Amino acid sequence: MNVRPSALILLDGSILTLRYCYGDTEVFALPGGNPDPGECLSEALARELYEELGVAAEVNTMVFCGEVIWPEVKKETLHMVFQTEISGIPELNPVHTTALEIVWLPIASLATKLLYPNAGKQIIGFYEKSLLTGHIGVIDQPYVR
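Everything quoted here is computed from the prediction, not taken from an experiment.

About the cut-offs
Residues numbered from 1 in each chain as written. Predicted model: local features only at pLDDT ≥ 70, side-chain atom pairs only at ≥ 80, totals over all residues. Heavy atoms only, no water. Helix = DSSP H or I, 4+ residues; strand = E, 2+ residues; numbered from the N terminus. Buried < 20%, exposed > 50% of the residue type's maximum accessible area, 1.4 Å probe, protein only. Areas by Shrake-Rupley, 256 points an atom, 1.4 Å probe, with all protein chains shown as cover. Lys, Arg positive; Asp, Glu negative; His and termini not counted. Charge placed at Lys NZ, Arg CZ, Asp CG, Glu CD. Salt bridge = Lys/Arg side-chain N within 4 Å of Asp/Glu carboxyl O. Contact = heavy atoms within 4.5 Å. Polar contact = N/O pair within 3.5 Å; in protein donor to acceptor, adjacent residues only side chain to side chain.

A.B. asks: Describe the overall build of the protein chain, listing the residues and the values that go with them.
C.D. replies: Tallying secondary structure elements over the protein chain gives two helices and nine strands in all. The linear arrangement of helices and strands in the protein chain, starting from the amino end, is β-β-β-β-α-β-β-β-β-α-β. Looking at the 145 residues of the protein chain, the share that counts as buried comes to 46%. Carbon and sulfur atoms make up 52% of the accessible area of the protein chain, which amounts to about 7,700 Å² in all. Taken as two groups, the 9 positive and 18 negative side-chain charges of the protein chain have centres that lie 7 Å from each other.

A.B. asks: Break down the pattern of salt bridges for me, with residues and values.
C.D. replies: Summed over all chains, the structure comprises six salt bridges. Measuring nitrogen to oxygen at the nearest pair gives 3.2 Å for the salt bridge that ties E26 to R19. Exposure remark for E26: the relative accessible area of 37% places this residue in the partly exposed category. When the shortest N-O distance is used, the salt bridge between E48 and R47 registers 3.3 Å. Of the residues examined, E48 reaches a relative accessible area of 11% and is grouped as buried. In this structure, a network of salt bridges that share partners links the residues D36, E39, R47, E48 and E51.

A.B. asks: Lay out helix α2 (residues 120-127) with the relevant residues and their values.
C.D. replies: With six of eight residues buried, α2 lies mostly within the body of the structure. Among all positions in α2, only G120, Q122, I123, I124, G125 and F126 are buried. Just downstream of α2 lies K129, where phi reads positive at about 65 degrees.

A.B. asks: Which residues make up the environment of Y116, and what values go with them?
C.D. replies: The residue Y116 is located in strand β8 (residues 115-116) in this model. Ignoring any residue separated from it by four or fewer positions in sequence, one finds Y116 in contact with R4, V27, F28, A29, L30, W70, T77, H79 and Q141. Only 3.4 Å separates the side chain of Y116 from the side chain of H79, close enough to count as a polar contact.

Written out as structure tokens, the structure is:
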């Protein structure tokens, strides 16, 4: 199972996402990525944010974790979502990401968007202070190519 730390970055009722398009399907990913060998999760997340978006990051509390299981490609990923503060203005670095653009998604729109990880309900709950942090189990994540 892969482990992927990702950042929950909040600003004025919105979260920072990276928009990808797979075929006709738009996916809004929380920024993050895979740790390098010997790298802890917070270091990996800060590095990924710097490489992909050119921002310094302070990785804070884990908000939740959950698994995405894709039998179609025999792949499992444990997503660890951390509340993260950034300094600087995020800009895509095409050398380090294939994302099409940065999108600040309003929290109110999360129920209608396909996220990666697909945890809009949990993010809304965290934002409204009604979600207890911790393990949320298997995340319903459709596989798109």
